[in-house]
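# Summary of structural features
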There are 2 protein chains.
Amino acid sequence: MTTAARPSAWDNDSRQRFLDAAVALFVRHSFAGTSLQMVADELGVTKAAVYYHFRTRDQLLVAVMEPMLTRLREVIRAAEQQRTPRARAESMLAGYAALVAASRSTSSVLTTDPSVIRVLRHHPEWSEVIARPPVLLAGPDPGPLGGVHATTVLTGLAGAASGAPADLDDDTLATALLHTGRRILGLRAPRRHSA
Amino acid sequence: MTTAARPSAWDNDSRQRFLDAAVALFVRHSFAGTSLQMVADELGVTKAAVYYHFRTRDQLLVAVMEPMLTRLREVIRAAEQQRTPRARAESMLAGYAALVAASRSTSSVLTTDPSVIRVLRHHPEWSEVIARPPVLLAGPDPGPLGGVHATTVLTGLAGAASGAPADLDDDTLATALLHTGRRILGLRAPRRHSA
């Protein structure tokens, strides 16, 4: 982990404040445009206070993205367990739509910032989480157009979630994104819900 | 314009080399993560050589985006002349699909980099070009979900174009993006082609 040994409750609070400030700065300036100094300035603390938790900008990014990437890994695992390419695509899509609707700022950082994908693609723990979703979404149509549709879903749904009106609640947004994603991938809604 | 007075043919050549290098760097590092020094280093020239053409990073960005924004403005004008909201959305969509398929790198810079949109939204000449496409695409469905669909089209099609296989030709890609966009917006293909 990125914190010093035996973090106190105070440490965890201050760590979370840094993460919240970092997301806001990433959304405004992109990851590449945000320095540790800017995070310090945003909170009115010294750069040393940021360094106490995060030694590098990449560490800060991974810490910011970790909750979403962890959930995305669970979505991928659930999808991999489905029996057909269509069921895997549907499961991946439904999980992704719910995830981006629930974490709008973070998902826009993930999918719209080229420097973020570059860091995560080379991170041993997260490279698979970046690589699998397009493969699962394109499964029913593995030609070049399947890839085009998969990328449209991944970037388009995240862009739509981050630009959605704040008063549109997460469930309504997730349902709208799911329907949109099905249209893009040419998937019909499943007849009945199964576990 | 951003060039010095009476640019020579040599000046124009060297200016274009800077623009090409800048697009490549923006795609790799995002606009916010690219400095004029990095553009100079990429071409093995001094920073003064870059300054000769571009005084600021924002000037460099506007120069990079200008050809695409000019074409986007033409697409918007053609769409505005259609008589119904559906015809305006269809015209905007078809023009946008062709545009992002033909300029894959630049379109990904335009729609996926938050710092780029921020610069252009405040630029007197280009703010309308940024503001109109979502309005035209959402026209047939002006509720909150219309906005969600419009943003899905704008970010998703650009993301798909920039991630498309290099051997997928522009026309095939544009057609695929047009069909995908129609699915997202719930538009049927027009019965016949009109001017």
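Going by what an unreviewed UniProt entry lists, chain A is known as HTH tetR-type domain-containing protein and is assigned to Nocardia aurantia.

### As for helix α10 (residues 170-185) of chain B
Residue and element names in this part refer to chain B. Between its terminal C-alpha atoms α10 stretches 22 Å, which fits the 22 Å expected from 16 residues at 1.5 Å a residue. Where α10 is concerned, the buried positions are L173, A174, A176, L177, L178, T180, G181, R182, I184 and L185. Of the residues flanking the start of α10, the one acting as N-cap is D169, its side-chain oxygen 3.1 Å from the backbone nitrogen of D171. Immediately beyond the C-terminal end of α10, within one or two residues, lies G186, with a positive phi of roughly 70 degrees.

### Considerations on the relation of the copies chain B and chain A
The operation relating chain B to chain A is a screw motion whose rotation component is 180 degrees, with 0.0 Å of axial translation and a residual RMSD of 0.0 Å. Such a turn and shift between the copies fits a two-fold axis. Scanning chain B for the C-alpha nearest the rotation axis identifies G156(B), at a separation of 1.8 Å. Taken as a fraction of all interface residues of chain B, those also at the interface in chain A reach 100%, which identifies the copy contact as same-surface.

### A word on the domain arrangement of chain A
All names here are of chain A. Segmenting chain A into domains produces domain 1 (9-59) and domain 2 (65-185). Distance from the C-alpha centre of domain 1 to the C-alpha centre of domain 2: 26 Å. Contact residues are listed per partner, giving seven residues for domain 1 and seven residues for domain 2. Summed over both partners, the interface of domain 1 with domain 2 comes to about 540 Å²; 73% of that surface belongs to carbon and sulfur atoms. Counting the surface domain 1 buries against domain 2, the share from its top three residues, V23, V27 and F31, is 58%. Linking domain 1 with domain 2 are zero salt bridges, by the criterion used here. At the junction of domain 1 with domain 2, the criterion picks out zero residue pairs in polar contact (both at pLDDT 80 or more). Broken down by element, the side of domain 1 that touches domain 2 gets its largest block of residues, three residues, from helix α1 (residues 9-29). In terms of residue class, the side of domain 1 that touches domain 2 is made up of five nonpolar, one polar and one charged.

### Section: the interface of chain B and chain A
On the side of chain A, 33 residues touch chain B, which itself brings 33 residues to the contact. Of the roughly 2500 Å² buried at the junction of chain B and chain A (both faces included), carbon and sulfur atoms supply 67%. For the interface between chain B and chain A, the tally reads zero salt bridges. For the pair chain B and chain A, the interface holds five residue pairs in polar contact (both at pLDDT 80 or more).

### Some thoughts on the UniProt feature "DNA-binding region" (unreviewed entry) in chain A
When the UniProt feature table is mapped onto this chain numbering, "DNA-binding region" (unreviewed entry) sits at residues 35-54 of chain A. Span residues 35-54 of chain A is 75% helix and 0% strand, its end C-alpha atoms 12 Å apart.

### Brief notes about the pattern of salt bridges
Side chains bearing opposite charge may pair, as long as their charged atoms lie close to each other. Residue and element names in this part refer to chain A. As enumerated under the stated definition, the model contains eight salt bridges over all chains in all. Note that E80 is salt-bridged to R132, the shortest N-O span being 2.9 Å. One end of the pair, E80, is in helix α4 (residues 57-80); the other, R132, is in helix α8 (residues 127-138), with 52 residues separating them in the sequence. On the accessibility criterion, E80 (34% relative accessible area) is partly exposed.

### Things to note about helix α5 (residues 85-102) of chain A
Between its first and last C-alpha, α5(A) extends 26 Å over 18 residues, near the 26 Å set by a 1.5 Å rise per residue. Along α5(A), the positions that sit buried rather than exposed are A89(A), E90(A), S91(A), M92(A), L93(A), G95(A), Y96(A), A97(A), L99(A), V100(A) and A101(A).

Basis of the calculations
Chains are numbered independently. Their residues run from 1 in the order of the written sequence. Here the convention is simple: chains get letters from A, ligands get numbers from 1, in the order in which they are written. Restriction of local features to residues with pLDDT of at least 70 applies here, the model being predicted, together with a cutoff of 80 or more for giving and counting side-chain atom pairs; totals for whole chains, interfaces and linings are based on all residues. Only hydrogens and water are set aside when side-chain values are computed; all heavy atoms of the structure are taken into account. Helix and strand labels come from DSSP, where a helix needs a run of H or I of at least four residues and a strand needs a run of E of at least two; each type is numbered from the N terminus. The span you would expect from a helix comes to 1.5 Å times its residue count less one. For the exposure calls, accessible area comes from a 1.4 Å probe over protein chains only, and a residue counts as buried if that area is under 20% of its type's maximum, exposed if over 50%, partly exposed in between. For this analysis, a polar contact is any N or O atom pair within 3.5 Å, provided that within protein one partner can donate a hydrogen and the other can accept it, and provided that sequence-adjacent residues contribute only side-chain to side-chain pairs. For this overlay, a least-squares fit was computed on C-alpha atoms, restricted to residues scoring pLDDT of at least 70 in both copies. Residue contacts are counted whenever heavy atoms from the two residues lie within 4.5 Å of one another. The domain boundaries here were taken from an automatic or database domain assignment. By convention, the term buried area covers the 1.4 Å-probe accessible surface removed from two parts as they join, with the contributions of both added. The term salt bridge refers to a side-chain nitrogen of Lys or Arg lying within 4 Å of a carboxyl oxygen of Asp or Glu. We call Asp, Glu, Lys and Arg charged. Ala, Val, Leu, Ile, Met, Phe, Trp, Tyr, Cys and Pro are nonpolar, and the rest, Gly among them, are polar. UniProt positions are given in the numbering used here, feature names are shortened, and annotations may be inferred rather than shown by experiment.

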